[in-house]
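# Coordinates in review
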Amino acid sequence: FDWASSVAQLKAVAKTEQVLVSRLQNFINNKTEELGRIQNYVDALRKVSDKISSSKEEYISHPINQYHLIQRFAKEWTKVGDLLQMFNETGFELTQNISRMRKLYPTDNDLNPAAAGIERLQRVYELSIDELIEGNVKGEKSGYKLSPGDCFLIGKISCKSFKCDACKIWMQRALKLKADETFTNDEALAYEAVCRAKRGNLTHAFAITEDLLTRDPFNDILLGNMLYYRFVLGKLNILYPCFITIKKDENAEDEIKQYNQICQGKFKLPHKVSKNLRCYLYTNKNDPRLRIKPVKVEELCNSPHIVQFYDVINNDDIETIKKMSKKHLSRALVTGPNNTGIVEDIRTSKVAWFKKNDFTAVKKLYTRISEMTGLSEETFEDLQVANYGLAGEYQPHFDYTEKQDPSIYKREDGAEVGNRIATMLLYLNDVKEGGRTAFIEPKIVAKPIKGSAVFWYNLYPSGLGDPRTRHASCPVVIGNKWASNVWVHEVQQEFKRKCGLRQDA
Ligand SMILES: O=C(O)CCC(=O)C(=O)O
Ligand SMILES: [Fe+2]
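An account of the accompanying structure is given in this report.

A word on the coordination of the iron ion (ligand 2). At the metal site, the iron ion (ligand 2) is ligated by His397 (NE2), Asp399 (OD) and His471 (NE2), and these contacts range over 2.1 Å. Mapped onto the sequence, the donors of the iron ion (ligand 2) take the spacing H-x1-D-x71-H. Of this pair, His397 sits in strand β11 (residues 394–397) while His471 sits in strand β17 (residues 471–473); the two residues are 74 residues apart in sequence, bridging distant segments of the chain. Comparing His397 with His471 shows no difference in burial state: the two are buried.

See below:
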């Protein structure tokens, strides 16, 4: 089910935990009470048996005693049997419920993405690891700490996804805090060695691994790595196939660095740019519907033109949309080979989709967007509602497709609607910390403000994709993020937004 990719559904888990705690407490109370009753019986019966053991012959010769002995077996010990049976049965239902529930709620598989989320927060926002370990995120204290085992897990996940710098710092933390029952020092060292090797420091990795092998000479993974180091260091002439080295993609790394810095709020627009940005009331060339209540606009960037509209949607409609979405949220996909949707780490959120006619709030929203932008609803895509999970993000991407294939966007009725000409990105809540929308080239961010929406054209008027619109959703640090997109397609907008004479007009 993938619990780390949406916060909305985690709320139910927290509620269930409360119920569980009180059920478990009841269970213990009942058991204790039953044990107490059994204890009373044992006390009473012990008195009798003590007496008998001191003078068995004498006791047994007396007819009343004979009667009592028989009576105890006929009655008392049956009662003890009943009590024991009851003791065994109490909590049976709870045990069954718990094992059924375990299948529905977070399991071991959810821990890795959650650990990856913590690592992502640290990396993107350059958070202090010491503070994170203390449960302190940008001054917000959780009350819980990260254990050495948690640090080890975060290091291990980083190593497996080739984030070697992260692996190193988290493993060093794990080692500094000392191993707990979840890992040994040698395991932490082994991961660190693999990371060093991936960074090209093979001699050091070789030395660490050689040392580790003296303590664990049959460890398959260590042996495999050793063969590889020997090969690369020229000490062996066959290659062990299980070890991969990663090639650095310099461009991608530079972009991620830039993305991290934008998310951290490190860039300020120079005065000569920001002084040309305006806030104004907009009536879309005197649209009669907007003349009465013009829309509030804030310019975020002039080139490309990116604006934030305020009070686009009211609170009731927002709550309706979120409530409807909760039932339908499923892991967000990105476009993979042959236009199929695939799960990727670059997009950690859950989404739900609605049609214009699914309920009134969507219909109203579509009319409103059409009024504000002057664009035809005819080729609006279905409404996408997204909820981001632990450190949920959407790494830099274009909303338009770079493919030249006109059939890529087909409406359900088969009509080809062209590329995504524009994006309306609505914010359905305020995010306490993080979760901003970052535009990579102009180095600007939009802040999620409930009821507002960011709007921009993805294509030049010529229809060519505008690469300056590359954008991302920064990881959520504290709180929860609800956003929603309406993508507008080219077809039907020909007379609403006319094409220019130059390709990048
Ligand atoms: O949520 C955001 O801030 C951006 C989302 C986005 O870019 C998308 O869904 O395409
Ligand atoms: Fe996007």
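Having seen the model, we can carry on.
Taken together, 14 residues sit near ligand 1, with Tyr388, His397, Thr437, His471 and Lys481 positioned nearest. Tyr388 has a polar side-chain atom sitting 2.7 Å from an oxygen atom of ligand 1. Within the side chain of Lys481, one N or O atom sits 2.8 Å away from an oxygen atom of ligand 1. Protein burial of ligand 1: of its 300 Å² of free accessible surface, 98% is covered by the chains. With 4 residues, the top contributor of residues to the shell around ligand 1 is strand β19 (residues 481–489). In terms of residue class, the shell around ligand 1 is made up of 5 nonpolar, 6 polar and 3 charged.

A word on the sheet that holds strand β15 (residues 444–446). Adjacent strands of a sheet pair through backbone hydrogen bonds, lying either parallel or antiparallel. Strand order in the open sheet formed by 4 strands is β11-β17-β14-β15, with antiparallel pairing between adjacent strands. A single partner strand is all that each edge strand has here, and the edge strands are β11 and β15. Strand-to-strand twist in this sheet, taken as the mean axis angle between neighbours without regard to direction, amounts to 15 degrees. Against the sheet, helix α12 (residues 250–263) engages β11, β14 (437–439), β15 and β17, with an angle of about 120 degrees to β11.

A word on α12. The terminal C-alpha atoms of α12, which comprises 14 residues, lie 20 Å apart, in line with the 20 Å expected from a rise of 1.5 Å per residue. On its buried face, α12 sits against α5 (108–125), β11, β14, β15 and β17. A positive backbone phi angle near 80 degrees is found at Gly265, which sits one or two residues after α12.

Counting buried positions along strand β5 (residues 306–310) gives 5 out of 5 residues, so the element sits mostly inside the fold. Strand direction decides the pairing type here: strand β4 (residues 295–301) and β5, joined by 5 bridges, are antiparallel. Bridge pairing in β5 links Glu299 to Val307. Linking β4 to β5, which pair antiparallel, is a turn of 4 residues.

How each quantity is defined
- Residues numbered from 1 in each chain as written.
- Chains lettered and ligands numbered in written order.
- Predicted model: local features only at pLDDT ≥ 70, side-chain atom pairs only at ≥ 80, totals over all residues.
- Heavy atoms only, no water.
- Donors = N, O, S within 2.8 Å, 3.2 Å for Na, K, Ca; no water.
- Helix = DSSP H or I, 4+ residues; strand = E, 2+ residues; numbered from the N terminus.
- Buried < 20%, exposed > 50% of the residue type's maximum accessible area, 1.4 Å probe, protein only.
- Near = heavy atom within 4 Å.
- Polar contact = N/O pair within 3.5 Å; in protein donor to acceptor, adjacent residues only side chain to side chain.
- Areas by Shrake-Rupley, 256 points an atom, 1.4 Å probe, with all protein chains shown as cover.
- Nonpolar A, V, L, I, M, F, W, Y, C, P; charged D, E, K, R; others polar.
- Pairing = 2+ DSSP bridges.
- Axes fitted to C-alpha atoms, helices over the stretch in contact; angles between N-to-C directions.
- Contact = heavy atoms within 4.5 Å.
- Expected span 1.5 Å × (residues − 1).

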